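For reference, the chains in residue letters:
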Amino acid sequence: MTEQENIVDHLDILFRNLEAGLNGLSGSAMHQFQLKSFEDLKSVQFPDKKHEDWRYTSVQKLIAPKYKLAEHIPAYSIPTIPEMDSYVIPVINGKVALTDLGPGLASLGLKIIPLYEAFENAEWKDIFGNYLSASIPTSNRAFELLNFAFNTNGFFLSIPKNTIVDLPIEIRIVHDEAEISFSHPLFFIHCGQGSQVELIERFEYNRESKNPSAEALINSIGYLHLEKNAIVRHIKWQELSTTHNLVYKLFVTQQRDSRFETFAFDHGGLLTRNNVEVELDDQNTYTSLHGGFLATGQQTMDHQTRINHKAPQCESHELYKGIIDDQASAAFNGKVLVHKDAQKTNAFQQNDTLVLSKFALMNSKPQLEIFADDVKCSHGATIGQLDEKALFYLMSRGLPAGKAKHMLKKAFIAEVLNKVPNENMRNYISSQMGIGE
Amino acid sequence: MKPLLQISDLYVSIAGNSILNGLNLTINKGEVHAIMGPNGSGKSTLANVIAGREEYKIESGSILYKGRDLFEMEVDERALDGIFLAFQYPVEIPGVSNSNFLKSTINVHRVHQGLPELNALEMLKYVRSKMKSLEMDPDLLKRSLNDGFSGGEKKRNEILQMLLLEPTLAILDETDSGLDIDALRIVADGVNQLKSSERSFIVVTHYQRLLAYIIPDFVHVLSNGKIVATGDKSLALKLEEEGYDWIKESPAIPA
């Protein structure tokens, strides 16, 4: 058997096990979708390094036929963010724990339902269902299809028109399993016209795990749809254990006058593959993507972003800054597409990286594809070491080399970290990343 | 009395070009030495070598500081032991706040001297008082270190650090260049505040102007990497009148 056949064979067994546990849901719309996704998955190959969007980081070892589907665990523990109040949505081993939600969200009029119910829900079908059924299976979407096939309990959250959510919504994504396993978190969030919300995704290791060294793949997908004039701030924080791998995708669609900002920080994990895709469907939208990462040891952090300017008068900003050391490697592959009708587009993209060890590797590829003729766009990348002159300056004032380097690293990430609009999260992230005061 | 700084027959090169060619200089406690000389004569190199800039290669010779081999000391160790360089071009460091930077440097000096660290309030009081004497805008504390500072603000920020750290040997590398006369007077006042019998200064400058405010005990002329003339403050006036051409023809005048 070929490697691909081995993988399919293995997934087949897992899929049949999954079906056996469906308890009457086997005829449901969701299961039909799982079945179709699995068939689609079998029709495509997982991407290898020949694929343009996957050339910097091999994901072959992530798809080896070795996983079991992570099972239910009764409890988890991750730190609370000091001084932060939030609406917590726990997603444990891919399953949303709806019974653990407080009454807060419902009292604001927000609706949250498990995915199998969403498949019967007109609102969900109208926005997300139709989109998904129209998507063509490709190798680039293999991890998505894997998620759809094996996701057992995602959720759909709907924020009604003109609702201002007073506290951040904190989605805690935790994976913990004794054996080699994967989980497939999946959520859909519909942000109604004029609504305003701050979303936090925390990928963290279970502090009370009995199996901290068990290898895992977390294959997570989030869909956000912003109606007209909606404002969404999104923060992603990743601190997984060093045996955990993350394939992450955030897919955002923006309607007219909406505003979306994301701040993504990666610190843990072994291999992290981040995909952020934003579709600007109508005019006068604002989008900003920020990322900061610290990769050490054997870590790999690969960032793929795509912003699709399909309408005029939209503005997008991108800034990713990373520090890589030891034998770590990282990549940034950002694409901004400006369609023919997207006149008066403003699009700016920048990626700056500090490479601190001669064994560390960075690949950076900021890309612009412009088909309109009246736009303002720029892109750039820098890769460098710590500034020797700055280091000398700090040391000439009596600061020891270690402290001076720390200050410079902190200053480098500060340009993105200082933009995080939530002070409690900002403090938490900087302290966890070891670049706090 | 042992000299504070003793430079003997110093040869220094950078990228294969020799810059200092057998330089000798002795500085005792409490003295102010002005170093003048044409562009490229090695003035800034001398300042940076004393502070410990690594890109310069020490070919031969020695520098003793308080009787210790200076080349055995790390950059931060030199600073903690009282050497301070006010940079000609202070580097901008976006993301490092000026106040945090000052706080860290002051406390690292205090800990080195066996003193307790200053808390945030004490620190603010201390820094503010020195800023006031330099007529500096307190808002500069909130900004990133030298980031977007005007030329004059950068130079004052250097003098501020000098006042806060109270060095034993302060080197001013063309601190006066590009300053208007008011700023120059403020900077000079800062230096004069610190003058004492225990503290020495090396003032590297192109212009006699500064030396009207900071009265030097010695004026040295550096040419081609060595000191070719030494005199008192009247030498600076002569240089201002006659330029450097006469130096090249005359033999070195002993101090």
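Reading the values: the criteria
Residues numbered from 1 in each chain as written. Chains lettered and ligands numbered in written order. Predicted model: local features only at pLDDT ≥ 70, side-chain atom pairs only at ≥ 80, totals over all residues. Heavy atoms only, no water. Helix = DSSP H or I, 4+ residues; strand = E, 2+ residues; numbered from the N terminus. Rg over C-alpha atoms; globule rule 2.2 N^0.38 Å. Contact = heavy atoms within 4.5 Å. Areas by Shrake-Rupley, 256 points an atom, 1.4 Å probe, with all protein chains shown as cover. Buried < 20%, exposed > 50% of the residue type's maximum accessible area, 1.4 Å probe, protein only. Lys, Arg positive; Asp, Glu negative; His and termini not counted. Charge placed at Lys NZ, Arg CZ, Asp CG, Glu CD. Polar contact = N/O pair within 3.5 Å; in protein donor to acceptor, adjacent residues only side chain to side chain. Buried area = accessible area lost by both parts, 1.4 Å probe. Salt bridge = Lys/Arg side-chain N within 4 Å of Asp/Glu carboxyl O. Pairing = 2+ DSSP bridges. Axes fitted to C-alpha atoms, helices over the stretch in contact; angles between N-to-C directions. Core = buried A, V, L, I, M, F, W, Y, C linked by side-chain atoms within 4.5 Å. Patch = residues over 30% accessible without salt bridge, like charges linked within 9 Å, V, L, I, M, F, W, Y side chains within 5 Å. Arc of directions from axis to C-beta.

How would you summarise the overall build of chain B if you had to cite specific residues and measurements?
Assigned secondary structure in chain B consists of eight helices and twelve strands. In terms of C-alpha radius of gyration, chain B reaches 18 Å, essentially the compact-globule figure of 18 Å for 255 residues. A principal-axis box enclosing the C-alpha atoms of chain B has dimensions of 55 × 40 × 40 Å. The long-range fraction of contacts in chain B, counting pairs at least 24 apart against all pairs at least 6 apart in sequence, stands at 68%. If you sum the accessible surface of chain B, you get close to 11,300 Å²; carbon and sulfur atoms cover 49% of it.

Talk me through the overall build of chain A; I want residue IDs and the actual numbers.
When helices and strands are counted, chain A shows nine helices and 21 strands. In terms of overall size, chain A behaves like a compact globule, its C-alpha atoms giving a radius of gyration of 21 Å where 437 residues would be expected to give roughly 22 Å. Going through the 437 residues of chain A one by one, you find that 60% of them count as buried. Put simply, chain A shows about 17,100 Å² of open surface, and 48% of that area lies on carbon and sulfur atoms. Of the side-chain charges in chain A, 42 are positive and 53 negative, and the distance between the mean point of each set is 5 Å.

I'd like a description of the environment of B:H220, backed by residues and values.
Residues and elements named next belong to chain B. Relative to the assigned elements, H220 resides in strand β11 (residues 218-223). With near-sequence residues (within four places) excluded, H220 lies in contact with L25, H33, A34, I35, M36, I227, A229 and T230. A distance of 2.9 Å separates a polar atom in the side chain of H220 from a polar atom in the side chain of T230.

Can you tell me about the environment of A:G222, naming the residues and giving the values?
Residue and element names in this part refer to chain A. Looking at the secondary structure, you find G222 in strand β10 (residues 216-226). Overall, the relative accessible area of 1% leaves G222 in the buried class. Distance in space between the C-alpha atoms of G222 and F155 is 9.8 Å, their sequence separation being 67 residues. Aside from chain neighbours lying at most four places away, what touches G222 is F187, K249, L250 and F251.

Go over the interface of chain B and chain A, please, and point to the residues and values.
How large an interface is tends to be reported as the accessible area lost when its parts come together. In this assembly, 30 residues from chain B lie in contact with 19 residues from chain A. When chain B packs against chain A, the two sides together hide about 1,900 Å² of surface, and 71% of this comes from carbon and sulfur. Linking chain B to chain A there are one salt bridge. Note that A:R397 and B:E158 form a salt bridge whose closest N and O atoms lie 2.7 Å from each other. Those elements that place two or more of their residues in the side of chain B that touches chain A are α1 (43-51), α2 (75-80), β6 (83-86), β7 (93-97), α3 (98-112) and α5 (151-165) of chain B.

How would you explain the sheet that holds strand β9 (residues 196-204) of chain A if you had to name every residue and give the values?
Residue and element names in this part refer to chain A. Read from one edge of the open sheet, ten strands run β3-β2-β6-β9-β11-β13-β15-β17-β19-β21, paired in mixed fashion. Of all the strands in the sheet, the pair left with one neighbour each is β3 (95-96) and β21 (376-384). Both strand β13 (residues 259-266) and strand β15 (residues 286-295) contribute to a ladder of eight bridges, which runs parallel. Looking across to β15, one finds that D266 is bridged to F293. Strands β13, β15, β17 (315-324) and β19 (346-355) of the sheet are contacted by helix α8 (residues 401-417), whose axis makes an angle of about 155 degrees with β17. Here helix α9 (residues 423-432) sits on the sheet in contact with β9, β11 (231-239) and β13, set at roughly 20 degrees to β11.

Describe unusual backbone geometry, with residues and values.
Phi is positive for A:N93, which is not a glycine, with a value near 50 degrees. Of note, A:N93 is situated in the loop between β2 (87-92) and β3. We note that B:N146 has phi near 60 degrees; this positive angle belongs to a residue other than glycine. The topology assignment puts B:N146 in the loop between β8 (144-145) and α5. Taking relative accessible area as the criterion, B:N146 reaches 0% and is therefore assigned buried.

Account for the nonpolar core, naming residues and giving values.
General note: in soluble globular proteins, nonpolar side chains tend to be found buried as a group. Of all hydrophobic cores here, the largest spans 115 residues; its most connected members are A:F265 and B:I50. Tallying contributions element by element places α8(A) first for this core, with eight residues. Apart from residues no more than four positions distant in its own chain, B:I50 is found in contact with B:L5, B:I7, B:I63, B:L70, B:R78, B:I83, B:L169, B:I171 and B:I202. Counting residues in each nonpolar core, the second largest holds 50 residues, with A:I159, A:V197, A:I218 and A:A311 among its members.

Report on the pattern of salt bridges, specifying residues and quantitative values.
If charged atoms from side chains of opposite charge come close, those side chains can pair. Under the definition given, this model contains 40 salt bridges over all chains. Among the ionic pairs, B:E198 bridges to B:K29, the shortest N-O distance being 3.5 Å. Residue B:E198 is located in the loop between α6 (181-194) and β10 (200-204), and its partner B:K29 is located in the loop between β2 (17-27) and β3 (32-36); the two are separated by 169 residues in the primary sequence. For B:K29, a relative accessible area of 36% gives the class partly exposed. Because the salt bridges share partners, they merge into one network encompassing A:E170, A:R172, A:R202, A:E204, A:R207 and A:E239.

Outline the sheet that holds strand β12 (residues 226-231) of chain B, listing residues and values.
Residue and element names in this part refer to chain B. With mixed pairing, six strands are arranged side by side in an open sheet as β6-β9-β10-β3-β11-β12. Looking at which strands have only one partner, the edges of the open sheet turn out to be β6 and β12. Recorded for the sheet is a direction-independent mean angle of 20 degrees between the axes of neighbouring strands. Of the strand pairs in this sheet, β3 and β10 are connected by four bridges, and their pairing is parallel. Residue pairing across strands places I35 opposite V204, the latter belonging to β10.

Please provide a residue-by-residue account of the pairing of strand β8 (residues 186-191) of chain A, values included.
Two faces make up the sheet, and in a regular strand the side chains alternate between them. All names here are of chain A. With respect to burial, β8 is a largely interior element, six of its six residues being buried. Where burial is concerned, the two faces of β8 agree: the one with L186, F188 and H190 and the one with F187, I189 and C191 are both buried. Pairing of β8 with β10, which is carried by six bridges, proceeds in the parallel orientation. Each bridged residue has a counterpart across the sheet, and for C191 the counterpart in β10 is L226.

Which residues make up helix α7 (residues 388-395) of chain A, and what values do they have?
All names here are of chain A. Here α7 lies mainly inside the structure; six of its eight residues are buried. Inspection of α7 places A390, L391, F392, Y393, L394 and M395 among the buried residues, and these make up the whole buried set. One side-chain oxygen of the residue at the start of α7 lies 2.9 Å from the amide nitrogen of K389, identifying that residue as D387.

How would you summarise a negative patch on the surface if you had to cite specific residues and measurements?
A contiguous patch of negative charge on the surface is contributed by A:D387, A:E388, B:E54 and B:E74. Position of B:E54 relative to the elements: it lies in the loop between α1 and β4 (57-65). For B:E54, a relative accessible area of 67% puts it in the exposed group.

Account for helix α7 (residues 233-242) of chain B, with residues named and values stated.
All buried positions along α7(B) are accounted for by B:L235, B:A236 and B:L239. End-on, the buried residues of α7(B) take up no more than an arc of 105 degrees, which puts them together on one face.

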